[in-house]
Structure formats: structure tokens, C-alpha cells
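Each chain, letter by letter, is given below.
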Amino acid sequence: MKHMFDCAILDEEDHHVREKKALFKKADLILIAACLLAAALLAVCFARRRSPGASVNFLYDGITLKTAALNTGLSSTDQAAAEDGYYLITYRDDVTAVEYCADMPDLHFPEYISYNLVSVQNGAVSVEAADCKDQICVHHKPVSMAGESIVCLPHRLVVEIAGMKEAAGGAPDGVAR
Ligand SMILES: [Zn+2]
């Protein structure tokens, strides 16, 4: 009789353990789901932090040739200077020049001059034409978000989008003195 009683208790304990195990599994699943949700939220936050560019920098060999404000549709003091159009970068030996053109310029150059023609329209920047061999810059999709860039390796040119903060902090004619 005593023996049977022991067995019954054991069975009951076993049942409790199994119930607990099942409970833990459910808790684990909830924890995993919560972690996934947190990761997804974090990813969305990071994606949101990618802000539209405020200006575009033209760098040759790592040196800034020109910085132009982007027309982002927002009203700010910088927007007055933002003009859509084309920036023609020409290279002749080691002399580089950046020229703003409101309309598509004529691209017939002598052989010793190479070029990149950059289009700036509504805050989106793309390389419209170039005489580089690989044409990688021309085929690059337009860039508009802060931190994005288009590189033309043969011409050592980097077209880089800068955000609001970088544009404000990097301006040499800042008001704060
Ligand atoms: Zn190129």
C-alpha cells in the first residue's frame, strides 16, 4: 500500500515537471518573439535615421572641389542657394574645374580633356555622362540620402551627399564665433 502511494506522488511530480517544461517553452517562444520584434523596431529606427541630403560635395583625389546645396523642397536659408541643374567637372592633366550649367551643356571636348557631368534634380544626384572607360559612375543609381556617394575611379572623383548636420557644421561661414 505504501509503495503504491509513493508511485502516485512520483507520477504527480513528473506531471508538474512536464507542465513546467511546457511553460518554459512557451516563455522562450515569447522571449524570442519579443527579441525579433525589438530587432525589427531597431532596424526601422536605423532606416528612419537615414536623412535626406542637404548638400553635395565634389571631391577630386579626396580634396573638395565644390559643395552645392541640394533642393530638398524644405524651406531653409540654404535652399535659396540650391539650384537644380548640371555640374560639369573637367580634367586636363592635373587641372580640374567644376562648372555649373542650368541646362545640359555641350560635351564635345578635345581628346586631352576628360569629364564627368553630374545632374542635380530635386535633391537627387546622378552622373549623367562621363568619358571614363568603365562607365560605372554613369550606371550608378541616383543618390539623395546623407552618406551616399557615387565614385568614378578612373577620374578619381567622388560625388558625396552630406546631411543637414554635416552641412551646418562643415560650413566655413558659420555664424557662431
Ligand atoms: Zn566613371
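Residues numbered from 1 in each chain as written. Predicted model: local features only at pLDDT ≥ 70, side-chain atom pairs only at ≥ 80, totals over all residues.

Undergrad: Provide a residue-level description of the overall build of the protein chain, including the pertinent values.
TA: Within the protein chain one finds three helices and eight strands. When each of the 177 residues of the protein chain is scored for burial, the buried share is 20%. For the protein chain, the proportion of contacts with a sequence separation of at least 24, taken over those separated by at least 6, is 43%. (Helix = DSSP H or I, 4+ residues; strand = E, 2+ residues; numbered from the N terminus. Buried ≥ 20, exposed ≤ 12 C-beta atoms within 10 Å, placed from the backbone. Contact = placed C-beta atoms within 7 Å.)

Undergrad: Account for the sheet that holds strand β1 (residues 55–60), with residues named and values stated.
TA: Hydrogen bonding along the main chain pairs the strands of a sheet, whether they run parallel or antiparallel. Taken in spatial order, the four strands of this open sheet run β2-β1-β8-β7, and their pairing is antiparallel. The strands lining the two open edges of the sheet, one partner per strand, are β2 (63–69) and β7 (149–152). Sheet twist, expressed as the average angle between the axes of neighbouring strands with direction ignored, equals 15 degrees. Sheet topology note: the β1/β2 ladder contains six bridges and is antiparallel. (Pairing = 2+ DSSP bridges. Axes fitted to C-alpha atoms, helices over the stretch in contact; angles between N-to-C directions.)

Undergrad: Explain the pairing of strand β3 (residues 85–92) to me, and be specific about the residues and the numbers.
TA: The pairing of β3 with strand β5 (residues 114–121) spans seven bridges and is classified as antiparallel. The residue of β5 that forms the bridge with tyrosine 87 is valine 118. As judged from the seven bridges shared by β3 and strand β4 (residues 95–101), these two strands associate in the antiparallel manner. Note that in β4 the partner of threonine 90 across the bridge is alanine 97. Turn length for the β3-β4 hairpin, with the two strands adjacent in sequence and antiparallel, is two residues, and the turn residue aspartate 93 shows positive phi of about 55 degrees.

Undergrad: Got a sec to walk through the pairing of β5? Specific residues and values, please.
TA: Direction of pairing for β5 relative to strand β6 (residues 124–130): antiparallel, over a ladder of six bridges. Note that in β6 the partner of valine 120 across the bridge is valine 125. Between β5 and β6, which pair antiparallel and follow one another directly, the connecting turn spans two residues, one of which, asparagine 122, has a positive phi of 50 degrees.

Undergrad: Give me the lowdown on the sheet that holds β3, citing residues and values where you can.
TA: Reading across from one edge, β4-β3-β5-β6 is the order of the four strands in this open sheet, with antiparallel pairing throughout. What marks the edges here is a single partner per strand, and that holds for β4 and β6. Sheet twist, expressed as the mean angle between neighbouring strand axes with direction ignored, is 20 degrees.

Undergrad: Talk me through unusual backbone geometry; I want residue IDs and the actual numbers.
TA: Positive phi, normally seen in glycine, also occurs at asparagine 122, with a value near 50 degrees. Secondary-structure assignment places asparagine 122 in the loop between β5 and β6.

Undergrad: Could you give me a rundown of the confidence of the model for the protein chain, with the residues and numbers involved?
TA: Of all residues in the protein chain, 73% have pLDDT values of 70 or greater, and the mean over the chain is 83. Confidence drops under pLDDT 50 across residues 167–177; counting only partners more than four residues distant or on other chains, this segment forms three contacts. (pLDDT = per-residue confidence, 0-100.)

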